[in-house]
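What follows is the residue order along each chain.
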Amino acid sequence: MNYLPNNLTFNNGDAFLNNFSLIDIASEHGTPLYVYDWDNIEDNISEFTNAFGDDALYRYAAKAFICKKLVELLDKNNWGVDVVSGGEMATVLSVLDTLENTLFNGTFKTKDEVNFFISNNGGHISIDNLNEITLIQDIALKNKRKQPVILRINLDLGAETHPMVLTSGYDQQFGISIDVAETALKEVYNSNSLLFSGVHVHIGSQIKDPKRFNKAMEECSLFLERNKASVEREVVFDAGGGFFSPYEGDDNSEDLSVYAKAIKSGIEKNWTTDYKIMIEPGRAIVNNAGLILYTAGAIKEDRGEKPFILVDGGMSDNPRPALYGSEHKLFNISGKVNDKEKVFAVSGRHCESGDLLVDRALLSEDTKTGDVLMSTSTGAYTYAMASNYNRVPKAKVVGVSKTEVFDLVKRQSFEDTVSDDI
Ligand SMILES: Cc1ncc(COP(=O)(O)O)c(C=O)c1O
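Criteria and thresholds
Residues numbered from 1 in each chain as written. Predicted model: local features only at pLDDT ≥ 70, side-chain atom pairs only at ≥ 80, totals over all residues. Heavy atoms only, no water. Helix = DSSP H or I, 4+ residues; strand = E, 2+ residues; numbered from the N terminus. Rg over C-alpha atoms; globule rule 2.2 N^0.38 Å. Buried < 20%, exposed > 50% of the residue type's maximum accessible area, 1.4 Å probe, protein only. Contact = heavy atoms within 4.5 Å. Areas by Shrake-Rupley, 256 points an atom, 1.4 Å probe, with all protein chains shown as cover. Lys, Arg positive; Asp, Glu negative; His and termini not counted. Charge placed at Lys NZ, Arg CZ, Asp CG, Glu CD. Axes fitted to C-alpha atoms, helices over the stretch in contact; angles between N-to-C directions. Parallel < 35°, antiparallel > 145°, perpendicular 65-115°, else oblique. Left-handed = near helix turned anticlockwise from the far one by under 90°. Salt bridge = Lys/Arg side-chain N within 4 Å of Asp/Glu carboxyl O. Pairing = 2+ DSSP bridges. Domains from an automatic or database assignment. Buried area = accessible area lost by both parts, 1.4 Å probe. Polar contact = N/O pair within 3.5 Å; in protein donor to acceptor, adjacent residues only side chain to side chain. Nonpolar A, V, L, I, M, F, W, Y, C, P; charged D, E, K, R; others polar. Patch = residues over 30% accessible without salt bridge, like charges linked within 9 Å, V, L, I, M, F, W, Y side chains within 5 Å. Near = heavy atom within 4 Å.

Asker: Looking at this structure, how should I read the overall build of the protein chain?
Answerer: Each helix and strand counted, the protein chain has 11 helices and 21 strands in total. Relative to the compact-globule value of 22 Å for 422 residues, the protein chain shows a C-alpha radius of gyration of 23 Å, a close match. Counting all 422 residues of the protein chain, 55% fall into the buried class. Nonlocal contacts in the protein chain, meaning residues at least 24 apart in sequence, comprise 70% of its contacts between residues at least 6 apart. Element-wise, carbon and sulfur atoms account for 47% of the exposed surface of the protein chain, whose accessible area totals about 18,300 Å². Put simply, the protein chain has 42 plus and 62 minus side-chain charges, and the middle of one group is 2 Å from the middle of the other.

Asker: Is there a simple way to think about the packing of helix α5 (residues 111-119) against helix α6 (residues 130-142) in this case?
Answerer: A packed helix pair is summarised by two numbers, namely the angle formed by the two axes and the spacing between the axes. Orientation of α5 relative to α6, taken along the N-to-C sense of each, is 45°, at an axis distance of 10 Å. Here α6 runs oblique to α5, going by the angle between their axes. Viewed along their axes, α5 and α6 form a crossing whose handedness is right-handed. Packed against α5, whose contacting residues are Lys111, Val114, Asn115 and Ile118, the element α6 presents Leu135, Ile136, Ile139 and Ala140 at the interface.

Asker: Looking at this structure, how should I read the pattern of salt bridges?
Answerer: Going through the model one piece at a time under the given rule, you end up with 17 salt bridges. A salt bridge links Asp371 to Lys368; its shortest N-O distance comes to 3.2 Å. When its relative accessible area of 47% is taken as the criterion, Lys368 is described as partly exposed. The network of salt bridges with shared partners includes Glu305, Lys306 and Asp359.

Asker: I keep staring at the sheet that holds strand β1 (residues 8-11) and nothing clicks. Help me out?
Answerer: Backbone hydrogen bonds hold the strands of a sheet together, and the pairing may be parallel or antiparallel. Pairing within the open sheet is antiparallel, and its 3 strands lie in the order β1-β2-β3. Looking at which strands have only one partner, the edges of the open sheet turn out to be β1 and β3 (20-21). The pairing of strand β2 (residues 14-17) with β3 spans 2 bridges and is antiparallel. Pairing of Leu17 across the sheet is with Phe20, part of β3.

Asker: Would you mind going over the domain arrangement of the protein chain with me for this structure?
Answerer: In many reports, interface size means the accessible area that the parts give up when they come together. Examined at the domain level, the protein chain breaks down into domain 1 (8-30 + 289-418) and domain 2 (38-286). The C-alpha-based centres of domain 1 and domain 2 are spaced at 33 Å. For the pair domain 1 and domain 2, the summed buried surface comes to about 1,800 Å²; carbon and sulfur atoms form 62% of the total. By the criterion of area lost to domain 2, the three top residues of domain 1 are Ala289, Tyr324 and Tyr381, representing 32% of everything that side buries. Scanning the region where domain 1 abuts domain 2 turns up 1 salt bridge. A salt bridge links Asp39 to Lys402; its shortest N-O distance comes to 3.2 Å. Taken together, the links from domain 1 to domain 2 amount to 7 residue pairs in polar contact (both at pLDDT 80 or more). Elements represented by at least two residues in the side of domain 1 that touches domain 2 include exactly α11 (320-324), β20 (396-400) and β21 (405-409). A per-element tally of the side of domain 1 that touches domain 2 places β21 first, with 4 residues. Of the residues that constitute the side of domain 1 that touches domain 2, the class distribution is 12 nonpolar, 7 polar and 5 charged.

Asker: Looking at this structure, how should I read a negative patch on the surface?
Answerer: On the surface, a cluster of negative charge is contributed by Asp43, Glu47, Glu254 and Asp255. Looking at where Glu254 falls in the secondary structure, it is placed in the loop between β12 (235-238) and α9 (256-270).

Asker: What exactly am I supposed to notice about the environment of Ile41 here?
Answerer: Relative to the helices and strands, Ile41 resides in helix α2 (residues 38-52). Distance in space between the C-alpha atoms of Ile41 and Val286 is 5.8 Å, their sequence separation being 245 residues. Discounting chain neighbours no more than four positions away, the residues touching Ile41 are Tyr36, Leu70, Leu73, Ile285, Val286 and Ala289.

Asker: Hey, could you run me through the site of the ligand in this one?
Answerer: The environment of the ligand is made up of 14 residues, and the closest members are Ser205, Gly242, Glu280, Arg283 and Tyr381. Between the ligand and Gly242 there is a distance of 2.8 Å, counted from an oxygen atom to a backbone nitrogen or oxygen. Protein contact buries 91% of the 390 Å² of open area that the ligand shows by itself. In terms of residue class, the shell around the ligand is built from 3 nonpolar, 6 polar and 5 charged.

Asker: In this structure, what is going on with the environment of Ile263? I would like to understand it.
Answerer: Counting through the fold element by element, Ile263 comes out in helix α9. The sequence separation of Ile263 and Asn214 amounts to 49 residues, and the corresponding C-alpha distance is 5.0 Å. Excluding anything up to four places from it in sequence, Ile263 contacts Phe52, Phe213, Met217, Ala239, Phe243, Ile277 and Ile279.

Asker: I would appreciate a short explanation of unusual backbone geometry in the present structure.
Answerer: What is expected of a backbone is that most residues other than glycine have negative phi and most peptide bonds are trans. In this model, Thr31 is joined to Pro32 through a cis peptide bond whose omega is -10°. By the secondary structure assignment, Pro32 is in the loop between α1 (22-29) and β4 (33-37). A positive phi angle is found at Lys144, which is not glycine, with a value near 55°. Taking relative accessible area as the criterion, Lys144 reaches 76% and is therefore assigned exposed. Positive phi outside glycine occurs at Tyr381, with the angle close to 60°.

In structure tokens form, the structure reads like this:
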């Protein structure tokens, strides 16, 4: 996998997705604009399916990016969705009439969300803490359902990743400690309205080393083996998400089949009867396929040690640089073939000094007001984290396939930013 979309090409300083000029797309749809290489998303899905096989349960993590057309694409490929809120469930339900291939994750599940999930035939619920057990069993009982649940275990394994996206380890708030998991399992087992269906871990994001997955699965299988008297049927080993997706400058990770084997062999170290693997990739499905196009406004030469380019978006469409200090490689795609480049600071439009999209962007020295800048590896945790900060309307999202450019999410109007006010 590359950090750029599979179908992106450059020609004399212009950029194309398939045969569509990104400059033409920007002028037709306006900027800021999120653009997805739709075929690339489907290729990413297929890579996982080929590596893990038709038998695995795929639950794409909606938190990375979700919209109705993506739910359709996932469903067409027999993938379900991992959701963490009623809004994400509603997105799935607006396309499909059931949540049966949906996994409900998260540290805080409201009564309304649990009820919405269960009453729409929801698939698995991942139990994050002991408090949830009573809540879920009561609601399942009212709905006359035996609700499949899996236990999210925090194995204190950590991962070689940014502290802000680390989700396992003693200091992290997610999941149940292994020594409490046994109590949780017994409670679930003894409940009439819950069906114990397996275990879940999510070590963190951007995990390169397959041994981490292997170790996590080995510990889970040991836990289940020790408690096998309470396990009645084919069990799910959910290895979570966190599969690596490169940003500019990153080395590639191992082939996905290596992760699949690592997960399988970890499970089979201690577990000898039937099981199913579940995975929840988010970033690895959408990140490299996504771009954001901005228009350059003023170029300020009189501030700072390098010129500032002020663009028409910023932390409201991509909060990642401000939140994690993440860097996204920028290209000037307005036909700039001059190979003389210089360093610019590219700053967003928001009233925060932290709204710096790239601190040191190497761009053509001829970059001028009105040029279109393309920010890459921006498919995950960008639109999904977008806000109306400064009451800036959320940007439009389009997809590009081999044959067409199509709308995925409309651009908000000024009035949309006021529509919730009483
Ligand atoms: C429980 C869980 N599953 C899946 C994911 C998706 O992770 P990624 O986008 O890195 O694949 C996350 C991300 O935070 C998560 O918390």
